[in-house]
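One letter stands for each residue in the lines below.
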Amino acid sequence: EQLLGFEGSEFYLQEWKELIGRNFGEITCRFDDAVPLGIKCAAQKGKVILNPPNDYVIKSGDAILCLAEDNDSYCVNDGYYDCNTTTYNTTTTHDNNNNNTNNEKTKRARGQQQQQQQQQQQQQQEHQLITATQL
């Protein structure tokens, strides 16, 4: 009922010119507050493909199917995400009043990611220390 009702998240189709030429795998990190689920393919007479292959290239006229809280609650970020350093740049291309909220959410997420990375590094160091003492 939450997926199909008017409460909670809903499905939205929208064209994003800044994503043309990108593959579907790349765009999965391009929305801070939405989850891309599929593509409405302009070249295939509007056929919707759920969970397309990661190498599917977004073409002019293609619309991205996203699950989001509201159609104006999400936007495309600049796409810079480095999973090795958990660095995330929050520049967005959608001009609305939610930018401050989105930036605050991203700052919190970045802080959580950095904390997780520090915990992982500490655990690795402890494991190396235990291994070294066992030798």
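Attention in this report is confined to the structure presented alongside it. (Residues numbered from 1 in each chain as written. Predicted model: local features only at pLDDT ≥ 70, side-chain atom pairs only at ≥ 80, totals over all residues. Heavy atoms only, no water.)

Scanning the chain from N- to C-terminus turns up 2 helices and 6 strands. Within the chain, buried positions represent 25% of all 135 residues. When contacts within the chain are restricted to residue pairs at least 6 apart in sequence, those whose partners lie at least 24 apart make up 61%. Summed over all atoms, the accessible surface of the chain reaches about 9,300 Å², with 46% contributed by carbon and sulfur. (Helix = DSSP H or I, 4+ residues; strand = E, 2+ residues; numbered from the N terminus. Buried < 20%, exposed > 50% of the residue type's maximum accessible area, 1.4 Å probe, protein only. Contact = heavy atoms within 4.5 Å. Areas by Shrake-Rupley, 256 points an atom, 1.4 Å probe, with all protein chains shown as cover.)

Among soluble globular proteins, nonpolar side chains are generally buried collectively. Counting residues in hydrophobic clusters, the biggest one holds 16 residues, and the most contacted among them are Trp 16, Leu 19, Phe 31, Ile 39, Ile 64 and Tyr 74. When residues of this core are traced back to their parent elements, those giving at least two are helix 1 (24–27), strand 2 (34–41) and strand 4 (63–68). (Core = buried A, V, L, I, M, F, W, Y, C linked by side-chain atoms within 4.5 Å.)

Let us look at the environment of Glu 26. Mapping Glu 26 onto the fold places it in helix 1. Judged by its relative accessible area of 37%, Glu 26 is partly exposed. Remark: the alpha-carbon pair of Glu 26 and Asn 54, spanning 28 residues in sequence, is separated by 7.6 Å.

Quick look at the side chain of Arg 30 now. With respect to the helices, strands and loops of the structure, Arg 30 is situated in the loop between helix 1 and strand 2. Looking at Arg 30, its side chain comes within polar contact range of the main-chain oxygen of Asn 77, at 2.8 Å. (Polar contact = N/O pair within 3.5 Å; in protein donor to acceptor, adjacent residues only side chain to side chain.)

All right, on to the packing of aromatic side chains then. Evaluated as defined, the whole model comprises 4 aromatic pairs. Relative to Tyr 74, the ring of Tyr 12 lies with its centre 6.3 Å away and its plane at 40°, an arrangement referred to as tilted. Here Tyr 74 lies in the loop between strand 4 and strand 5 (81–82) and Tyr 12 lies in strand 1 (residues 10–14), a separation of 62 residues in the sequence. Just as Tyr 12 is buried, Tyr 74 falls in that class too. Ring centres of Trp 16 and Phe 31 lie 5.5 Å apart, and the angle between their planes is 70°; on these two criteria the pair is classed as edge-to-face. Of the two residues, Trp 16 is situated in the loop between strand 1 and helix 1 and Phe 31 in the loop between helix 1 and strand 2; the sequence distance between them amounts to 15 residues. These aromatic residues form a ring-pair network of at least three members: Tyr 12, Trp 16, Phe 31 and Tyr 74. Its guanidinium or amino end placed over the ring of Tyr 56, Lys 59 lies 4.1 Å from that ring's centre, counting from NZ or CZ. (Phe/Tyr/Trp six-rings, centres within 6.5 Å; stacked < 30°, edge-to-face > 60°. Lys NZ or Arg CZ within 6 Å of the ring centre and 35° of its normal.)

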